[in-house]
Amino acid sequence: MENMMTLLVLLSAILACSESAKILLVFPGPSKSHGILGDGYVRHLLNAGHEVTYITPFTQRPPTAKLRTVDVSSNFDLLPPNIINLKGIMDKSSEDMTAIFMILMMLDIAEKTIANANVQKLLNDPTEQFDAVIVEWFFSELGAGFATVYECPLIWSSSVDPHWQVLQLLDEPTNPAYTVDVMSTYSPPLSFLQRVNELWNQLMVQFLKYVWLDGVEEKIYTSLFTPILEKRVRKLPSFYEVRYNASLLLSNSYVTTSGGASLPQSHKFIGGYHIDDDVTPLSEDLKKLMDSAKDGVVYFSMGSNLRSKDLPDEVKINLLKMFGSLKQTVIWKFEEVLPNLPKNVHILQWAPQQAILAHPNLAVFITHGGLLSTTESIYFGVPIIGIPVYGDQFMNVEKSMNKGYALKVDLSYTMSEELKKTIEEVISNKRYAEKAKELSFIHHDRPVKPGQELAHWVNHVINTRGAPHLRSPALDLPLYKRKFLDLAALVAVLVLAVYILLKRALAYICSQVCSNKGKTASKKKKNN
Ligand SMILES: *[C@@H]1O[C@H](CO)[C@@H](O)[C@H](O)[C@H]1NC(C)=O
């Protein structure tokens, strides 16, 4: 009887937990790679049986019973023109992507997303409810307001390796001596100058955020969310409370790319979740081409944002000539038709990247070093040659070189000669491929797959009403307590007090001794 009861209780608990939840997914970044990351969430959350509302600029997918999209495709108009044009970047005529530039641009995108008419319609409907909100963190915390509207748990998604700007939302900022900023061009271990530079950069951004940017963001938060909460007859909580209220950070990263630095309990790695375990097979033509490549295949793609067709003409011609001189088969993701192709070079306007990386004849992948591409190269165990262009690509390529499965070539007008030497080195020296295979083993040797982990933690947060047990106690202490500044102040006061006392005491003793001396002196004088 008792057993029966426990069984029933257990069963009902399981049933309650596996119920489908309503999840709001906010991935407003007008960039293909961020779209791929958002789509990965959609796939895993739908598989887990949830209902998903997806705020995205990519709206080709038809709605289904469990998926509804909220169109923010107007976000594409917010990117400065030519920002990711290869020629512009090579000629240094494009905008420099500094940390402050990124923060301001992304704050603008976050603001316009919330102000978007389609999103406003969702937010201003008081009957709308969600069980959890997942927001992509990208240099702004405005999106945290979504969770406040629905009074439900907030989950950050971070598209890059964990770094101080996002980790400080869960715990303390990381140590710049061995954890670099997302825009850094270094990779630990750092030299003395790099370490000082990293500290300076991080302090500068933190300072500017404190005295300027946080205030700007707070004003936008207040003006956007006050009217929405008024409709729900509630007062707006402070932005401080809201931005540090996340239950979880799901990180598109793993120890294979980020390393083993300590991380808060509310941080979870899910790097690789965007890769489908059943890779769509290669087309018949492509399969034949790769199968018959006796000397191996070189695959070259600058990703979905950067386009090879934007390379200066002379660079295209030199690259083509150089590729033609290789004995390998070359597959180049290139967005237009190229005349006079050498026999061994094949152009694809769109490349089934994962299927190409999965092919055993692939010898090397030449990439811009975006985190999706580097993660995929580790997943499939393929060595890379990185040509980093912007953002976290420099850091990713530096890290990949440190791991030993990559080499770097600088983007330049004269890069084709160096690229040729580097291709020959990576293909002839087996250690790059071996290292890539080793990392691939590490990537796959985990207790559950990243997609399952994603679904598990989202469920956990929903079922435990925000997983407060994962929250770091550091968030509930002000800076002066965390850093023992109060103790430092107390010690300073004590030292000062002792100093003053000693000084006074000495002055007193001295005055006594001096006046005694004076007396004896004057006595002596009198006696004379
Ligand atoms: C903070 O998080 C909790 C748990 O997820 C949630 O219930 C609450 O509404 C959040 N508070 C604010 C101000 O967003």
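As the structure is a computational prediction, the values presented were derived from the model and not from experiment.

Definitions and cut-offs
Residues numbered from 1 in each chain as written. Predicted model: local features only at pLDDT ≥ 70, side-chain atom pairs only at ≥ 80, totals over all residues. Heavy atoms only, no water. Patch = residues over 30% accessible without salt bridge, like charges linked within 9 Å, V, L, I, M, F, W, Y side chains within 5 Å. Areas by Shrake-Rupley, 256 points an atom, 1.4 Å probe, with all protein chains shown as cover. Salt bridge = Lys/Arg side-chain N within 4 Å of Asp/Glu carboxyl O. Helix = DSSP H or I, 4+ residues; strand = E, 2+ residues; numbered from the N terminus. Expected span 1.5 Å × (residues − 1). Phe/Tyr/Trp six-rings, centres within 6.5 Å; stacked < 30°, edge-to-face > 60°. Buried < 20%, exposed > 50% of the residue type's maximum accessible area, 1.4 Å probe, protein only. UniProt positions renumbered as here; feature names shortened; annotations may be inferred. Contact = heavy atoms within 4.5 Å.

Some thoughts on a nonpolar patch on the surface
Okay, so step 1: On the surface, Phe 484, Leu 487, Leu 490, Val 491, Leu 494 and Val 495 cluster together into a nonpolar patch covering about 580 Å² of accessible area.
Okay, so step 2: Relative to the helices and strands, Phe 484 is located in the loop between helix H19 (479-482) and helix H20 (485-527).

Some points on helix H2 (residues 32-47)
Okay, so step 1: With 16 residues, H2 should reach 22 Å at 1.5 Å per residue; the first-to-last C-alpha distance of 22 Å fits that figure.
Okay, so step 2: Gly 49 lies just past H2 and shows a positive phi near 90°.

Digging into the packing of aromatic side chains
Okay, so step 1: A full pass over the atoms with the stated rule returns 17 aromatic pairs.
Okay, so step 2: Look at Tyr 221 and Phe 225: their rings are 5.5 Å apart centre to centre, the planes differ by 45°, and that puts the pair in the tilted class. Highlighted residues: Tyr 221 and Phe 225, both in helix H8 (residues 192-231), separated by four residues, approximately one helical turn. Note on accessibility: Tyr 221 and Phe 225 belong to one class, buried.
Okay, so step 3: Between Tyr 299 and Phe 365, the aromatic rings sit 5.0 Å apart at their centres with planes inclined by 20°, giving stacked as the arrangement. With Tyr 299 in strand S8 (residues 297-301) and Phe 365 in strand S11 (residues 362-367), this pair connects stretches of sequence that are 66 residues apart. In this structure, Tyr 299 and Phe 365 share a single accessibility class: buried.
Okay, so step 4: Feature note: the residues Phe 146, Tyr 221, Phe 225 and Phe 239 constitute an aromatic cluster, connected by ring pairs.

Comments concerning the UniProt feature "transmembrane region" (unreviewed entry) in the protein chain
Okay, so step 1: Here, UniProt's "transmembrane region" (unreviewed entry) annotation points to residues 484-502.
Okay, so step 2: As annotated, residues 484-502 has a helix share of 95% and a strand share of 0%, and its two end C-alpha atoms lie 27 Å apart.

Brief notes about helix H15 (residues 393-403)
Okay, so step 1: Residues Gln 393, Met 395, Asn 396, Val 397, Glu 398, Lys 399 and Ser 400 constitute the buried set of H15.
Okay, so step 2: Among the structural elements, helix H10 (255-258), helix H14 (371-380), strand S12 (384-386) and strand S13 (406-408) are those in contact with the buried residues of H15.
Okay, so step 3: Residue Gly 404 follows H15 closely and has a positive phi angle near 95°.

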